[in-house]
Amino acid sequence: MSIEKTTQKGSGLSKKGLDAGTVGLLGAVVIGVSCVAPAYTLTAALGPTVAEVGVQLPAIFLVGFIPMLLVAFGYRELNSAMPDSGTTFTWATRAFGPWVGWMGGWGLIAATVIVLSNLAAVAVDFFYLMLGQIFGNPAIADLTLNLPVNIATTLVFITLACYISYRGMETTKAVQYVLVTFQIIVLAWFAIAAFVHVANGTAFDATPISADWFNPFAVGSFSAFAAGVSLSIFIYWGWDVTLTMSEETRNPEKTPGRAGALTVVVIVVIYLTVALATLTFAGVGEGELGAGNPDNQESIFATLAGPVMGPFAILMSIAVLSSSAASLQSTFVSPARTLLAMGHYKALPKDYGRISPQYKSPSYATIAAAVAAAGFYVFTRLVSENALWDTITALGLMICFYYGITALACVWYFRAQAFSSARNILFRFLSPLLGGVILLVMFFKTATDSMDPAYGSGSELFGIGMVFILGVGVILLGAVLMLIWWRINPAFFRQEVILKGSAPKE
Amino acid sequence: MRYVVGYTADERGHDAVCLAVALARRQGADLDLVLVTPERSPYAGTYLPDKGFESLLTDQLQEWMDQGLALVPEDVPARGVIVRAESNAEGLIQAAEDTEASLIVIGASSRGLTNRFNIGNVARSLLHASPVPVALAPKSYRRTDPITRMTCAVGNRAGADDVVAVAVSSAQRRGLPLRLVSLVALDAGHSDPEGMEDEANRRLAEAASALAAGGRVSVETAHGPSIEKAIEALAWDEGEVLLVGSSRLAQHMRIFLGSTANKILRTLTIPMIVVPRTYATPGTTGPGAQTHEADA
């Protein structure tokens, strides 16, 4: 609660954002883990990643973190140098000019819109699964396979989340602590139960853990490796939130870094434990419960929680449902704010820049994000037999695209200071350069590979792989929209609004 | 004398400003236009954190505030206040307490599906918790001339005397004619079996006789088959303001607005001031009597 008075003529809003110093180390880790949403992420990404890299899942989970870390350093530098000016869209526009900036913003919007549709779909799956478990009636769980029911329910979920976000309602601290604790307990329960089954000889396909699982070089091909890494970018997406916190923390000097490191440890331990548990319990075969069975790969916990946890599988349903529902609502904020910024800076029609007088949230932009997420989901669900799988792969692609642009924007923006200190060499030059290049290489490799109709889940349209259509198609759609807008209102593209620039020499 | 105006940059905010001006002109009050902006929790799980939005929002709030202040005529002193709070109601109450304001003015109109729900919420939570009277501007209220008459609706429950006392003192202070109205809902065909009308008239007569002889007070009883019809049957001045007391339920942390007041709100097109039940009336010596004069 703070009050700032303004006079009749002049004025000044309180510069104070969040109440300073309310978040401690534990709180920051909780925020980090909640943004990663491990229960949702694992059920969505574990299957598709196994499909690419098989038993080298743990290795890819570890390797995938490296580019994420490198890019996060660059993100943090940009965030502290231009704290008041948005994210990828504004940074890339400042560094590379309007065209690349526009596409960077589009990439961020597309990635978040795709994840919204996936979050809603996963929430719906587990919603019906949970109802089926409550009433002991598997027929209810199967409702999610009914196309009209599934689409209708997903649209309801998206609408609700949009409404909540539009109203500016937020998850509170207490709720966030409960959600995170609950997720961790349930995931640990799942892993322990799976190991117990293996020890008792009751596992589906007991597979001994081998050191080879941790060897990224054992992955069959570079294609598989690239696909695996771009998927693992997705599983760490959200982690870097801790690094960008500063004035919210009790100790802005130390808390963000420590929280980031601790969050990584927590997340990696969760991922590795669950990955090992899944592989050793179910193997990567294509049998009924096998992690290599394409039917299981869309949502691994939906298949395995029952056999592994028995009657307590309902806890997993609740964990995934709550995790994805909470993320669904909070993720709406991201594309809405980027759309709003683009509207404000004349990179989109000015309606997108409208803020609701009542709720002080992006109004038009929030609804636009919901319409896009709903449209994307309906399209994907109608044309692909494996909608969830394809969206997750396309999502990895999209994150690589906009993160890659962000990282290189950091390198280019700070080019005058890159070598002025050892710290700058590391954080403003080497890390983001390496991270950005890795991500863009993964992006181009995966994009090229995904043209093959047999890629990923094997869904296709007109003989072109579904992932290519969803990923590259969305980027091309952005390019077309950008050209149309340039013809309508070229102000942004003439740099009349945001000027290209760079950090001054130190 | 200071009024807090719950300002939003829309029609409803405009309604509130107009009513606040009309009330302030009668009494020479200063206005604080209060814009409430949500307090963002770091625990919201917003990813990626986008501080750019905060700076755009800041500019927008500033622009809105300038627009709001431009709605206030030159002769009414006004300033803008931007408040961070978890909810609109909380922010307005906080602003009223901090500045020792004697009245909170908000727009209470409802438009559209989503808005309607929310207005109910803002008004309800404000009425529920406000320590000072709350003035509700009806939809499209554009009158800024000083108010011309005050009407006080009196129910037949305990507590009605308090409202009458507040009404009498504020009408006197403003030099306004006061009309006391008893609303009686009668079922069609029944001729007042419980003597409700007699009871209502008796109460009003008592109240009127208790008043200082100098006041311009009139007494009326409105009846109809329902409260709504009874209200519609009354003649209203254009510059009229209706004063009602809050429900006794307020003390139980329930709905502060009584069902009768709620019905009035839905029917009326004139501004209404709701006086909290615990509000200190002039002459009482309870705590708060000094800080909050009954100047609704």
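Residues numbered from 1 in each chain as written. Chains lettered and ligands numbered in written order. Predicted model: local features only at pLDDT ≥ 70, side-chain atom pairs only at ≥ 80, totals over all residues.

1. Observations concerning the overall build of chain A
1) Next: The secondary structure content of chain A amounts to 19 helices and 3 strands.
2) Next: Taking the principal axes of the C-alpha coordinates as reference, chain A spans close to 75 × 50 × 45 Å.
3) Next: With 506 residues in all, chain A has 58% of them scored as buried. (Helix = DSSP H or I, 4+ residues; strand = E, 2+ residues; numbered from the N terminus. Buried ≥ 20, exposed ≤ 12 C-beta atoms within 10 Å, placed from the backbone.)

2. Quick look at the overall build of chain B
1) Next: Check the secondary structure of chain B and you find 8 helices and 10 strands.
2) Next: In chain B, buried positions account for 50% of the 296 residues.
3) Next: Considering only contacts within chain B whose residues lie at least 6 apart along the sequence, 76% involve residues at least 24 apart. (Contact = placed C-beta atoms within 7 Å.)

3. Focus on the pairing of strand β4 (residues 103-107) of chain B
Residues and elements named next belong to chain B.
1) Next: Among the 5 residues of β4, 5 are classified as buried, and the element is accordingly described as predominantly covered.
2) Next: Here β4 shows two buried faces, one formed by L103, V105 and G107 and the other by I104 and I106.
3) Next: Relative to β4, strand β1 (residues 2-6) runs parallel, the two being bridged by 3 bridges. Counted as the bridge partner of Y3 is L103 from β4.
4) Next: Inspection of the sheet shows β4 paired to strand β5 (residues 134-137) by 4 bridges, in the parallel sense. Residue pairing in the sheet places G107 in a bridge with A137 of β5. (Pairing = 2+ DSSP bridges.)

4. A short note on the nonpolar core
1) Next: One finds F190(A) and V105(B) to be the most contacted residues of the largest nonpolar core, which totals 270 residues.
2) Next: With 22 residues, helix α6 (residues 98-134) of chain A is the largest single contributor of residues to this core.
3) Next: Here this core spans two domains, since at least three of its residues come from each of domain 1 (2-137) and domain 2 (149-275) of chain B.
4) Next: Discounting residues that sit within four places of it in the chain, V105(B) has contacts with Y3(B), V5(B), G6(B), A16(B), L19(B), A20(B), L23(B), A135(B) and A137(B). (Core = buried A, V, L, I, M, F, W, Y, C linked by C-beta atoms within 7 Å. Domains from an automatic or database assignment.)

5. What about helix α4 (residues 65-81) of chain A?
Residues that lie three or four places apart on an α-helix share one face, since the helix turns once every 3.6 residues.
1) Next: An ideal rise of 1.5 Å per residue puts 24 Å on 17 residues; α4(A) measures up with 24 Å between its terminal C-alpha atoms.
2) Next: Of all the 17 residues making up α4(A), 13 are buried; the element is thus mostly covered by neighbouring parts of the structure. (Expected span 1.5 Å × (residues − 1).)

6. Examining the environment of D205(A)
All names here are of chain A.
1) Next: With respect to the helices and strands, the residue D205 is situated in the loop between α9 (173-200) and α10 (222-236).
2) Next: Residue D205 is classed as partly exposed on the basis of its 18 C-beta neighbours within 10 Å.
3) Next: Each C-alpha atom of the pair D205 and V383 lies 33 Å from the other, and the pair is 178 residues apart in sequence.
4) Next: Discounting chain neighbours no more than four positions away, the residues touching D205 are A282, G283, G285, G287 and G290.

7. Some remarks on the packing of helix α1 (residues 25-36) of chain A against helix α11 (residues 255-282) of chain A
All names here are of chain A.
1) Next: Relative orientation of the contacting elements α1 and α11 amounts to 50 degrees, with a least axis distance of 9 Å. It follows from the interaxial angle that α1 and α11 lie oblique. Here the hand of the crossing between α1 and α11 comes out right-handed. Taken together, the residues of α11 that come into contact with α1 (itself represented by L25, A28, V29, G32, V33 and V36) are T255, P256, R258, A259, L262, T263, V266 and I267. (Axes fitted to C-alpha atoms, helices over the stretch in contact; angles between N-to-C directions. Parallel < 35°, antiparallel > 145°, perpendicular 65-115°, else oblique. Left-handed = near helix turned anticlockwise from the far one by under 90°.)

8. Observations concerning α10(A)
Residue and element names in this part refer to chain A.
1) Next: The end-to-end C-alpha distance of α10, which contains 15 residues, comes to 21 Å, matching closely the 21 Å that a straight helix rising 1.5 Å per residue would cover.
2) Next: With 12 of its 15 residues buried, α10 lies for the most part within the structure.
3) Next: The complete set of buried residues in α10 reads F225, A226, A227, G228, V229, S230, L231, S232, I233, F234, I235 and Y236.
4) Next: Looking one or two places after α10, you find G238, whose phi comes out positive at around 115 degrees.

9. Quick notes on the packing of α4(A) against helix α18 (residues 422-449) of chain A
All names here are of chain A.
1) Next: Direction vectors running N to C along α4 and α18 enclose 130 degrees, while the axes themselves pass 8 Å from each other. As far as their axial angle goes, α18 and α4 are oblique. The two elements α4 and α18 meet at a crossing, and its hand is left-handed. Each of P67, L70, V71, F73, G74 and E77 in α4 lies in contact with α18, whose residues at this interface are F427, R428, S431, P432, L434, G435, G436, I438 and L439.
2) Next: Its residues assigned to classes, the contact of α4 with α18 shows 9 nonpolar, 4 polar and 2 charged. (Nonpolar A, V, L, I, M, F, W, Y, C, P; charged D, E, K, R; others polar.)

10. Some remarks on the confidence of the model for chain A
1) Next: Averaged over every residue, the pLDDT of chain A is 85; the share at 70 or more is 95%.
2) Next: Contacts from residues 1-18 of chain A, a stretch scored under 50 in pLDDT, to residues over four places away or in other chains number 42 contacts. (pLDDT = per-residue confidence, 0-100.)

11. Structural notes on the environment of T58(B)
Residues and elements named next belong to chain B.
1) Next: Its place among the elements puts T58 in helix α2 (residues 51-70).
2) Next: With 18 C-beta atoms packed within 10 Å, T58 lands in the partly exposed category.
3) Next: A sequence separation of 24 residues divides T58 from I82, and the C-alpha atoms of the two residues are 9.8 Å apart.

12. Let's talk about the environment of G80(B)
1) Next: In this fold, G80(B) is placed in strand β3 (residues 78-85).
2) Next: Separated by 73 residues in the primary sequence, G80(B) and Y7(B) have C-alpha atoms spaced 9.4 Å apart.

13. Looking at the pairing of strand β2 (residues 30-38) of chain B
Residues and elements named next belong to chain B.
1) Next: Of all 9 residues in β2, 7 are buried, a share of seventy percent or more.
2) Next: Sheet topology places β1 next to β2; 5 bridges connect them, and they run parallel. Bridge pairing in β2 links Y3 to L31.
3) Next: In this region the chain leaves β1, passes through helix α1 (residues 11-27) and returns to the parallel neighbour β2; the handedness of that crossover is right-handed.
4) Next: In this structure, β2 lies alongside β3, joined through 8 bridges in parallel fashion. Within β3, the residue paired with V36 across the bridge is V83. (Right-handed = clockwise from strand over helix to strand, strands pointing away.)

14. A short note on the confidence of the model for chain B
Any region with low pLDDT has predicted coordinates that should not be read closely.
Residues and elements named next belong to chain B.
1) Next: Per-residue confidence for chain B gives a mean pLDDT of 75, with 68% of residues at or over 70.
2) Next: When pLDDT is averaged over each helix and strand of chain B, the minimum, 59, is found for helix α4 (residues 113-129) and the maximum, 93, for β1.
3) Next: A low-confidence stretch, residues 112-119 (pLDDT under 50), is modelled with 6 contacts involving residues beyond four sequence positions or located in other chains.
4) Next: Confidence drops under a pLDDT of 50 for residues 248-255, and excluding neighbours within four residues, the segment shows 11 contacts in the predicted structure.

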